[in-house]
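Architecture at a glance
Residue-level listing of the chains:
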Amino acid sequence: MHYRKNMYYIVYALFYLLSLLPWRAIYWISDFFYVIIYYVIGYRRKVVDENLMTAFPEKSEAERRKIAKEFYRQFTDTFAEVIKLVSISGKELDKRVKADYHTINELYATGKNVQILLGHFFNWELANVAYAQHLLYNFIVVYKPIENKIFNRLFMHIRSRFGTKLVSASNFKKEFAQESKQQYALILVGDQNPGKPDNTYWFNFFGKPAPFVKGPELSARYNDTAVVFCNFYRVKRGYYQSEATVFTTTPKNLPEAAITKAMIAFIEDEVRKRPANYLWSHRRWKWTFQQEKHAHLLK
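The text that follows walks through the structure, step by step, so that each part is easy to find. (Residues numbered from 1 in each chain as written. Predicted model: local features only at pLDDT ≥ 70, side-chain atom pairs only at ≥ 80, totals over all residues. Heavy atoms only, no water.)

1. Notes on the layout of surface pockets
To be explicit about the condition: Put plainly, a pocket is an open set of points on a 1 Å grid over the protein atoms alone with protein on both sides within 12 Å along at least five of seven lines, a cavity is a set where a 1.4 Å probe fits but cannot get out, and a lining residue has an atom within 4 Å of a point. Grid points are joined across faces, edges and corners, and a volume is the space filled by probe spheres set on the points. Starting at the N terminus, helices and strands are each numbered in turn, a helix being any DSSP run of H or I of at least four residues and a strand any DSSP run of E of at least two. Polarity classes work like this: nonpolar for Ala, Val, Leu, Ile, Met, Phe, Trp, Tyr, Cys and Pro, charged for Asp, Glu, Lys and Arg, and polar for all others, with Gly in that last group.
Reported here for the largest pocket is a volume of approximately 1900 Å³. If you trace the largest pocket, you find 46 residues lining it, with His-120, Val-142, Tyr-143, Lys-144 and Gln-192 closest to the centre. Secondary-structure elements contributing two or more residues to the lining of the largest pocket are helix H4 (61-84), helix H7 (124-134), strand E3 (138-143), helix H8 (149-160), helix H9 (172-179), strand E5 (184-189) and helix H10 (215-223). With five residues, the top contributor of residues to the lining of the largest pocket is H10. In this structure, the second largest pocket encloses a volume near 260 Å³. Lining the second largest pocket are 13 residues; nearest its centre among them are Phe-33, Thr-76, Phe-79, Ala-80 and Ile-83. If one sorts the elements of the lining of the second largest pocket by residue count, H4 sits on top with six residues. Of the residues belonging to the lining of the second largest pocket, the class tally is eleven nonpolar, two polar and no charged.

Right under this line is the structure:
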């Protein structure tokens, strides 16, 4: 225990010192790892290529290769930018991220809780701290703990620096019950792959059936929250923009699966606008649609 505690402080000190480097040096680190990951290791190249082929069959191989390279650059930039979050100031954060905070804050006066839905858009780590700094709500983010205890503690520190309340996916019910006693905004990345495909909603995602977890939909209905869709994208290297759109303030009045359907359409539209601004290294079509098992789940 003492060894782990001491190691954490050593790792934290290292990352803190790295975070003091100028942005251009941070991006030198990113460029180095881009070459290693894309050209040397070929990290998940097959998965990325298959995903892009499924999503953009109308594009040429050269066009998809260009998207893939841009994706890997944003992928390594994301983790390089996390280093800066160890010590970044609120003022610097505001300089780097321009976002639509007032749309969500206007809901605060109504007394409504909010559920914010988005996809795996780059850089979601910056989005977390930027919104947490400016929202009036108790800002709650569901996270999956990292197996390495030292890095899990480091990322929890980074993600909570500006007030984010982190709720573990593995202990969601208990931890969320505690945090939701105050008026809250719950942020959920709604394009997660479900652990099991047989108790989900199935939708055509880029023209191919894929399962989506019911959690965001059921949570919004049960808690009668306003539902807001958010995008997040890079304007230029190191600078980001975000917009928020209120989808509904009365989720219980909508047909079943309407929220999930609209969220998927929103995510797909955003990805078509900026194809490289999405986490293509995850298997988006991991599960195979089986007519006899899943036809009744297809929406």
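Next comes the rest of the write-up.
2. Describing the nonpolar core
A general tendency of soluble globular proteins is for nonpolar side chains to be buried together. For clarity, the cut-off: Residues belong to one nonpolar core when they are buried, are Ala, Val, Leu, Ile, Met, Phe, Trp, Tyr or Cys, and are joined through side-chain atoms within 4.5 Å. We call a residue buried when its accessible area falls under 20% of the maximum for its residue type, exposed when it is over 50%, and partly exposed in between, using a 1.4 Å probe and counting protein chains only. Any pair of residues with heavy atoms lying within 4.5 Å of one another is described as a contacting pair.
With 88 residues, the main nonpolar core has Ile-104, Val-114, Ile-116, Phe-139, Phe-205 and Trp-280 as its most contacted residues. Per-element accounting of this core gives the leading share, eight residues, to H4. Dropping the residues within four chain positions of it, Phe-139 is found in contact with Ile-116, Asn-128, Tyr-131, Ala-132, Gly-163, Thr-164, Lys-165, Ala-185 and Ile-187.

3. Description of unusual backbone geometry
Residues Phe-122 and Asn-123 are joined by a peptide bond in cis, for which omega reads -10°. You can see Asn-123 is positioned in the loop between strand E2 (114-118) and H7. At Arg-44, a position not held by glycine, the phi torsion is positive, near 50°. With respect to the helices and strands, Arg-44 occurs in the loop between helix H2 (23-41) and helix H3 (45-55). Of note in this structure, Phe-206 is not a glycine but carries a positive phi near 55°.

4. Considering the environment of Phe-56
Within the secondary structure, Phe-56 sits in the loop between H3 and H4. Phe-56 gets classed as buried once you look at its relative accessible area, which sits at 1%. Note: C-alpha distance between Phe-56 and Phe-33 (23 residues apart in sequence) is 27 Å.

5. Comments concerning a positive patch on the surface
We count it as follows: Each patch is assembled from residues with relative accessible area greater than 30% and no salt bridge, linking like charges that lie within 9 Å and nonpolar side chains (Val, Leu, Ile, Met, Phe, Trp, Tyr) that lie within 5 Å. Surface exposure here means Shrake-Rupley accessible area, sampled with a 1.4 Å probe, where a residue is shielded only by the protein chains that are shown. Take a side-chain nitrogen of Lys or Arg and a carboxyl oxygen of Asp or Glu: if they are within 4 Å of each other, that pair is a salt bridge. Asp and Glu count as negative and Lys and Arg as positive, but His and the ends of the chain are not part of the count. To locate a charge, take NZ of a lysine, CZ of an arginine, CG of an aspartate or CD of a glutamate.
On the surface, Arg-44, Lys-144, Arg-283 and Lys-286 cluster together to form a positively charged patch. By the secondary structure assignment, Arg-283 is in the loop between helix H11 (258-273) and helix H12 (291-294). Given the relative accessible area of 44%, Arg-283 is considered partly exposed.

6. Let's talk about the environment of Asp-94
Looking at the secondary structure, you find Asp-94 in helix H5 (residues 90-96). With relative accessibility at 26%, the residue Asp-94 sits in the partly exposed group. Sequence separation between Asp-94 and Ile-140 is 46 residues; the distance between their C-alpha atoms is 20 Å.

7. Considering the sheet that holds strand E10 (residues 239-242)
Selection criterion: Pairing between two strands requires that DSSP report at least two bridges joining them. All axes here are fitted lines through C-alpha atoms, helices being fitted over the stretch that makes contact, and every angle between N-to-C directions spans 0 to 180 degrees.
Strand order across the open sheet formed by three strands is E1-E10-E9, with mixed pairing between neighbours. The open sheet is flanked by strand E1 (97-99) and strand E9 (233-236), the only strands paired with a single partner. Adjacent strand axes in the sheet meet at a mean angle of 30°, parallel and antiparallel pairs treated alike.

8. Some thoughts on empty space enclosed by the protein
If you walk through the whole model with that rule in mind, you get three cavities of 30 Å³ or more. The computed volume of the largest cavity comes to approximately 50 Å³. Every residue along the wall of the largest cavity is listed here: Ile-104, Ile-116, Leu-118, Ala-127, Tyr-131, Ile-187, Cys-230, Asn-231, Phe-232 and Ser-242. Counting residues per element, the ones that place at least two in the lining of the largest cavity are E2 and H7. Residue composition of the lining of the largest cavity, grouped by class: eight nonpolar, two polar and no charged. Here the second largest cavity defines a volume of roughly 40 Å³. Forming the walls of the second largest cavity are Asp-191, Asn-193, Phe-205, Pro-211, Phe-212 and Arg-284. Looking at the lining of the second largest cavity residue by residue, the classes come out as three nonpolar, one polar and two charged.

9. Overview of the packing of helix H6 (residues 101-108) against H7
Put simply, the rule is: We call two directions roughly parallel when the angle between them is under 35 degrees, roughly antiparallel when it is over 145, roughly perpendicular when it lies between 65 and 115, and oblique otherwise. Handedness of a crossing follows from how the near helix is turned relative to the far one, being left-handed for an anticlockwise turn of less than a right angle and right-handed for a clockwise one.
Contact geometry for H6 and H7: axes closest at 10 Å, N-to-C directions at 45°. By the angle class used here, H6 and H7 are oblique. The crossing of H6 and H7 is right-handed. Counting all contacts with H6, which are made through Tyr-101, Ile-104 and Asn-105, the residues of H7 involved are Ala-130, Tyr-131 and His-134. Its residues assigned to classes, the contact of H6 with H7 comprises four nonpolar, two polar and no charged.

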